[in-house]
Protein chains: 2
Amino acid sequence: MRLPQAAERLDTRRELWPDEVRIRVERLNLDAASFRQLERKHGGDGAAVRAEVLDIVRTRGKMQNPETGSGGMLVGTVEEVGPESPLGLAVGDRVATLVSLTLTPLVIEDDLSRWDGRSEQVPCDGYAVLFGRSIAAVLPDDLPAELSLAVMDVCGAPALTARVVEKYDQAVVAVIGGGGKSGSLSLAAARRAGAKRTIGVVPREAEAALLREAGLADEVVVCDARDPIALRDAVTAAGGPADVTVVCVDVPGCEGGAILATADRGTVVFFSMATSFSAAALGAEGLAADVTMLVGTGYTPGHAAYALELLRENPGVRGLFERRRG
Amino acid sequence: MRLPQAAERLDTRRELWPDEVRIRVERLNLDAASFRQLERKHGGDGAAVRAEVLDIVRTRGKMQNPETGSGGMLVGTVEEVGPESPLGLAVGDRVATLVSLTLTPLVIEDDLSRWDGRSEQVPCDGYAVLFGRSIAAVLPDDLPAELSLAVMDVCGAPALTARVVEKYDQAVVAVIGGGGKSGSLSLAAARRAGAKRTIGVVPREAEAALLREAGLADEVVVCDARDPIALRDAVTAAGGPADVTVVCVDVPGCEGGAILATADRGTVVFFSMATSFSAAALGAEGLAADVTMLVGTGYTPGHAAYALELLRENPGVRGLFERRRG
């Protein structure tokens, strides 16, 4: 048997198993890398993009871009709850799914007629099925839905960052890509978890200015994280090496620099899907670096609520998120 | 600047920087995957395999198979030690390098004339240069060199396994691929580190019989680790779920099963280079699995000495190693 993500095609029956939940879908948020690939492939022809998304979902029973392998998430309302569902949802709850669309059986019933194919936000009528081990979060009333979604999309990073930082006594924490969504939340999480010093690394001066203004990091440095020696030197100069290095930039080739920027017995947390397992493993071996390296998972219990709390209590985080949406 | 592993070509000057060490090479051990690829490519023509290895080393200044990306290790004698070398080696020491050949500047001086191109053991005269951050271990007197090398080749696994198991109180430990070199050492390490129960998972009954005879695991189960549900069920039936799951099999697609076989708040350690970062990260997210996932690095201080000690004190481990060499 194969798990849903590896499966070519999912079963999309409406009828639920006892531990499942059916959602009436109102919107899909396509993964950014997936949408960009489709846009490029069709030269920005929205109708062609829409036709391909419909074809993928019809063929595979889920939205998983065959090129990028990625999916996205969805928003909808709970339509039916199986008697043995462990998810704690009730009919009528407005929820966002926190598991990838690549694992979620999906049927589109309106041919995406309200979508022009030109944005990753896809208005949609149809249904999706959540399993017993899926994750969905009820959208809070006090925040705009889009803002909550943007936070939930990356909420694994701050929760795991906090858990790792708490294991150290007054850690120095470097967040590579500290100006982004997962990065800014991770900086806020590190500070709240007791970090002695937080260092935000960003690729460009403009982003550095925004991050400084947001006040989320004790030090903000500009550096190309793909240059290992430059990254080590930048983090060291800013008060490193880091006890905890959090990699949040979605570009390949940051493994070596992250390892070099980290102190002996320190921890590197890789959240970027561009991370290469063998580059990380062989890199640490080749550098004789005694660091713990974690695969950043998307799941820690309570992670969505925790990330939303960080956003509420940090105007700097909220400002960065709202600016990105604008 | 690029780190040595990513570099196309290394500098192979004989002259040392103050923190370097030069080794007179007596043998290369090619990575098994690399040798098999070369053998297949040239249809078992040893002369052609030899010519390609010579060409790779001449062109790149290191032995790194361009197809597999992998290298191997080498054995030799210390020829010169830079005044600032931190490696603790003395001229005349017989050593094995514990960093990959993909990071080691190498010059072959005998055209590999004593090698028939038909085995991954390559008699060789030439020199190699170790950096300040390299790792090399002096070969012990009480063990055959080949046995020591086989142990050192996988010595990162037992050391990290022990470190993880020690963090739990009486852990249940499952080792996927428990009959192999890194697997059998990891089972021995887990028991020594205080595991309450050790479970060895192997793919075939013949291997299970050998592992049972070696007495390294409390339970030995036969299971295809690429089948996630089967692996979860097998580990559970043997006394799981595991607090610590160690993945030592070099086949792709074991991430989901390893995650499912692991208890909440447990740890999965991936030593297999066949591990996919995104399959691990998205798999844990998709299954809402609250597990810590570690990139198994090749380096923990003292790892070679620790692994040799495990071999000396466990006749079962030694038996499995000697059988593999036979």
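Definitions and limits used
- Residues numbered from 1 in each chain as written.
- Chains lettered and ligands numbered in written order.
- Predicted model: local features only at pLDDT ≥ 70, side-chain atom pairs only at ≥ 80, totals over all residues.
- Heavy atoms only, no water.
- Domains from an automatic or database assignment.
- Buried area = accessible area lost by both parts, 1.4 Å probe.
- Salt bridge = Lys/Arg side-chain N within 4 Å of Asp/Glu carboxyl O.
- Polar contact = N/O pair within 3.5 Å; in protein donor to acceptor, adjacent residues only side chain to side chain.
- Nonpolar A, V, L, I, M, F, W, Y, C, P; charged D, E, K, R; others polar.
- Buried < 20%, exposed > 50% of the residue type's maximum accessible area, 1.4 Å probe, protein only.
- Helix = DSSP H or I, 4+ residues; strand = E, 2+ residues; numbered from the N terminus.
- Arc of directions from axis to C-beta.
- Contact = heavy atoms within 4.5 Å.
- Pairing = 2+ DSSP bridges.
- Axes fitted to C-alpha atoms, helices over the stretch in contact; angles between N-to-C directions.
- Phe/Tyr/Trp six-rings, centres within 6.5 Å; stacked < 30°, edge-to-face > 60°.
- Lys NZ or Arg CZ within 6 Å of the ring centre and 35° of its normal.
- Least-squares fit on C-alpha atoms with pLDDT ≥ 70 in both.
- Core = buried A, V, L, I, M, F, W, Y, C linked by side-chain atoms within 4.5 Å.
- Right-handed = clockwise from strand over helix to strand, strands pointing away.

**Student:** For this particular structure, what's the right way to read the domain arrangement of chain A?
**Tutor:** The parts lose accessible area when they come together, and the size of an interface is often stated as this lost area. Residues and elements named next belong to chain A. According to the domain assignment, chain A contains domain 1 (21–153) and domain 2 (156–325). In total, about 1,100 Å² of surface goes out of reach between domain 1 and domain 2, with carbon and sulfur atoms giving 72% of it. Three residues, Leu143, Leu147 and Val151, lead the burial of domain 1 against domain 2; their summed loss comes to 45% of the area buried on that side. At the junction of domain 1 with domain 2, the criterion picks out two salt bridges. Between Arg312 and Asp142 there is a salt bridge, with the nearest N and O atoms lying 2.6 Å from each other. Scanning the region where domain 1 abuts domain 2 turns up one residue pair in polar contact (both at pLDDT 80 or more). Of the residues in the side of domain 1 that touches domain 2, the class split is ten nonpolar, one polar and three charged.

**Student:** Teacher, can you tell me more about helix H1 (residues 32–41) of chain A here?
**Tutor:** Since one α-helical turn is 3.6 residues long, residues separated by three or four positions face the same way. Residues and elements named next belong to chain A. For H1, the complete set of buried residues consists of Ser34, Phe35, Gln37 and Leu38. Here the buried residues of H1 occupy an arc of 160 degrees about the axis, which is enough to place them on one side. If you follow the buried residues of H1, they end up packed against strand E1 (21–30) and helix H2 (46–60). Where H1 ends, the next residue or the one after it, Gly43, has phi of about 55 degrees, a positive value.

**Student:** What's the story with the sheet that holds strand E4 (residues 106–108) of chain B in this structure? I'm lost.
**Tutor:** The pairing of strands in a sheet happens through backbone hydrogen bonds and is either parallel or antiparallel. All names here are of chain B. Strand order across the open sheet formed by six strands is E4-E5-E1-E2-E3-E6, with antiparallel pairing between neighbours. A single partner strand is all that each edge strand has here, and the edge strands are E4 and strand E6 (136–138). Neighbour to neighbour, the strand axes of the sheet diverge by 35 degrees on average, direction disregarded. Pairing analysis gives eight bridges linking strand E1 (residues 21–30) to strand E5 (residues 121–130), with the strands arranged antiparallel. Across the sheet, residue Val25 finds its bridge partner in E5, namely Gly126.

**Student:** It is not clear to me how the interface of chain A and chain B should be interpreted in this structure. Could you clarify?
**Tutor:** Listed by partner, the interface residues are 45 residues for chain A and 45 residues for chain B. Between chain A and chain B, a total of about 4,100 Å² is buried, with carbon and sulfur atoms accounting for 64% of that surface. Interface area lost by chain A to chain B is led by Arg133, Phe277 and Val295 of chain A, which between them contribute 19%. On the surface where chain A and chain B come into contact, there are two salt bridges. Note that Arg163 of chain B and Asp290 of chain A form a salt bridge whose closest N and O atoms lie 3.1 Å from each other. Along the contact surface separating chain A from chain B lie four residue pairs in polar contact (both at pLDDT 80 or more). Those elements that provide at least two residues to the side of chain A that touches chain B are helix H7 (228–237), helix H8 (255–260), strand E11 (262–270), helix H9 (277–286) and strand E12 (292–295) of chain A. When residues in the side of chain A that touches chain B are grouped by element, the largest group, nine residues, is from H9 of chain A. Taken together, the residues that form the side of chain A that touches chain B break down as 25 nonpolar, 14 polar and six charged.

**Student:** Is there a simple way to think about helix H7 (residues 228–237) of chain B in this case?
**Tutor:** All names here are of chain B. Where H7 is concerned, the buried positions are Pro228, Leu231, Ala234 and Val235. Down the axis of H7, the buried set is contained in an arc of 130 degrees. They therefore lie on one face. Next to the buried residues of H7 lie strand E7 (172–176), strand E8 (197–202), strand E9 (219–222), strand E10 (242–247) and helix H8 (255–260). Residue Gly239 follows H7 closely and has a positive phi angle near 115 degrees.

**Student:** Explain the packing of aromatic side chains here, please?
**Tutor:** Between two aromatic rings, the relevant description is the distance of the centres plus the angle of the planes. As enumerated under the stated definition, the model contains one aromatic pair over all chains in all. Where Phe270 of chain A meets Phe277 of chain B, the ring centres are 6.5 Å apart and the plane angle is 90 degrees; that geometry is what we call edge-to-face. You can see Phe270 of chain A sitting in strand E11 and its partner Phe277 of chain B sitting in helix H9 (residues 277–286), one on each of two chains. A relative accessible area of 1% places Phe270 of chain A in the buried class. One residue, Arg14 of chain B, lies across the ring of Tyr127 of chain B, its end atom 5.6 Å from the ring centre.

**Student:** Explain the relation of the copies chain A and chain B here, please?
**Tutor:** Mapping between the two copies of the chain is achieved by a rotation about an axis and a shift along the axis. You can overlay chain A on chain B at an RMSD of 0.1 Å; the transform is a turn of 180 degrees with a shift of 0.0 Å along its axis. Expressed as an axis order, the relation between the two copies is that of a two-fold axis. In terms of C-alpha distance to the rotation axis, chain A has Leu294 of chain A as its closest residue, with the C-alpha 2.3 Å off the axis. Most of the interface of chain A is mirrored in chain B, where 100% of its interface residues again form contacts.

**Student:** Hey, could you run me through unusual backbone geometry in this one?
**Tutor:** Across the chain, the bulk of peptide bonds are trans and the bulk of non-glycine residues have phi less than zero. Here Gly240 of chain A and Pro241 of chain A are connected by a cis peptide whose omega angle stands at 5 degrees. Turning to its location among the elements, Pro241 of chain A is positioned in the loop between H7 and strand E10 (242–247). Even without glycine at this site, Asp111 of chain B takes up a positive phi of about 55 degrees. Take Asp111 of chain B: it is sitting in the loop between E4 and E5. For Asp111 of chain B, a relative accessible area of 46% translates into the label partly exposed.

**Student:** Explain the nonpolar core to me, please; I cannot follow it from the model alone.
**Tutor:** Grouped burial of nonpolar side chains is what soluble globular proteins tend to show. Met152, Val173 and Phe321 of chain A together with Met152, Val173 and Phe321 of chain B are the most contacted members of the largest nonpolar core, which totals 114 residues. Discounting residues that sit within four places of it in the chain, Val173 of chain A has contacts with Val165, Ala190, Ala195, Arg197, Thr198, Ile199, Val244 and Val246 of chain A. In this structure, Ala174 of chain A together with Ile199, Leu231 and Ala281 of chain B belong to the second largest nonpolar core, which totals 63 residues.

**Student:** What exactly am I supposed to notice about the pattern of salt bridges here?
**Tutor:** Oppositely charged side chains are able to pair whenever their charged atoms sit close together. Summed over all chains, the structure comprises 46 salt bridges over all chains. Here Arg24 of chain B and Asp125 of chain B are joined by a salt bridge, their closest N and O atoms 3.2 Å apart. Of this pair, Arg24 of chain B sits in strand E1 while Asp125 of chain B is found in strand E5, placing the two residues 101 residues apart along the sequence. For Arg24 of chain B, a relative accessible area of 23% corresponds to the partly exposed category. Via salt bridges that share partners, Arg14, Arg22, Arg24, Glu79, Glu80, Glu109 and Asp125 of chain A belong to a single interconnected network.

**Student:** What is the right way to read the pairing of strand E8 (residues 197–202) of chain A from this model?
**Tutor:** In summary, the side chains of a regular strand alternate between the two faces of the sheet. All names here are of chain A. Counting buried positions along E8 gives five out of six residues, so the element sits mostly inside the fold. In this structure, strand E7 (residues 172–176) lies alongside E8, joined through five bridges in parallel fashion. Note on E8: the bridge partner recorded for Ala174 is Ile199. Following the chain from E7 across helix H5 (residues 181–192) to the adjacent parallel E8, one finds a crossover that is right-handed. Alignment of E8 against strand E9 (residues 219–222), held across four bridges, turns out to be parallel. Along E9, the bridge assignment pairs Ile199 with Glu219.

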